[in-house]
Amino acid sequence: YYAVSGEKPPYETLANNWRGFSGMRDAFEKRDRLVEITAEINAGIERAKANPYAWIEFQSKLPEFDFSSGTYPLEKVLGPRTYITPSGDGFSGYPVMFVQRDTFAEFRPESDTRARELEALISDGMRQHLVRVYGKVEAAENRDGRPTVMLSPTKVSVVQPERWDIKNPQKLFEIVAQ
């Protein structure tokens, strides 16, 4: 967030996320540790400035196949009003909002047979699947009072873990920007 927003990081607030920092009682130890953490934060910001590409993985309910268009509409999964927090709890980390690109608005299977196979796989497990979005961080904004990272997708993979075993995922489909 701070790499693209230009805002000064609230170092002490961020340091509270480091193990043991918030519980430190000795003021001098805490100050010294804050100096170390500040250097780590600044190094992370510099790395993010040098490489603005990131990825995020989250679980999402996939829509049903739209017979009228012959596609899986992905607007509710990857649309510009979709907010994802990296932790998945809705509170930790910076929310990510997708800068929608037409490429990712829908997925069109290459044939009716493939659409039928996909629907059988997608409908298993109450339509919940892992979505991996790779993209470029385009901006950072304050949305609804929360710092939000704006991510422009470059590749999206939808994965169904084998028997919901996260270590053996089965890729359902992938969309790559042209």
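Check the entry above for the structure.
Residues numbered from 1 in each chain as written. Predicted model: local features only at pLDDT ≥ 70, side-chain atom pairs only at ≥ 80, totals over all residues. Heavy atoms only, no water.

Draft legend 1. Representation of the pattern of salt bridges. For the structure shown, the criterion picks out 10 salt bridges. Taking the shortest distance from any N to any O, the salt bridge between Arg31 and Asp32 comes out at 3.6 Å. For Asp32, a relative accessible area of 41% gives the class partly exposed. Between Arg108 and Glu106 there is a salt bridge, and its shortest N-O distance comes to 3.6 Å. Shared partners join several salt bridges into a network, and the residues in it are Arg33, Glu36 and Glu40. (Salt bridge = Lys/Arg side-chain N within 4 Å of Asp/Glu carboxyl O. Buried < 20%, exposed > 50% of the residue type's maximum accessible area, 1.4 Å probe, protein only.)

Draft legend 2. Fine view of helix H5 (residues 112-123). Here H5 contains 12 residues, and its C-alpha end-to-end distance of 16 Å stays within 8% of the 16 Å for a straight helix at 1.5 Å per residue. What H5 keeps buried is the set Ala115, Leu118 and Ile122. Viewed along the axis of H5, the buried residues span an arc of 65°, placing them on a single side of the element. For H5, exposure combined with an orientation more than 90 degrees from the buried face picks out Thr113, Arg116 and Ala120. (Helix = DSSP H or I, 4+ residues; strand = E, 2+ residues; numbered from the N terminus. Expected span 1.5 Å × (residues − 1). Arc of directions from axis to C-beta.)

Draft legend 3. View of the side chain of Thr38. Mapped onto the elements of the fold, Thr38 is located in helix H3 (residues 27-50). You can call Thr38 buried: its relative accessible area is 19%. A polar atom in the side chain of Thr38 sits 2.7 Å from the backbone oxygen of Leu34. (Polar contact = N/O pair within 3.5 Å; in protein donor to acceptor, adjacent residues only side chain to side chain.)

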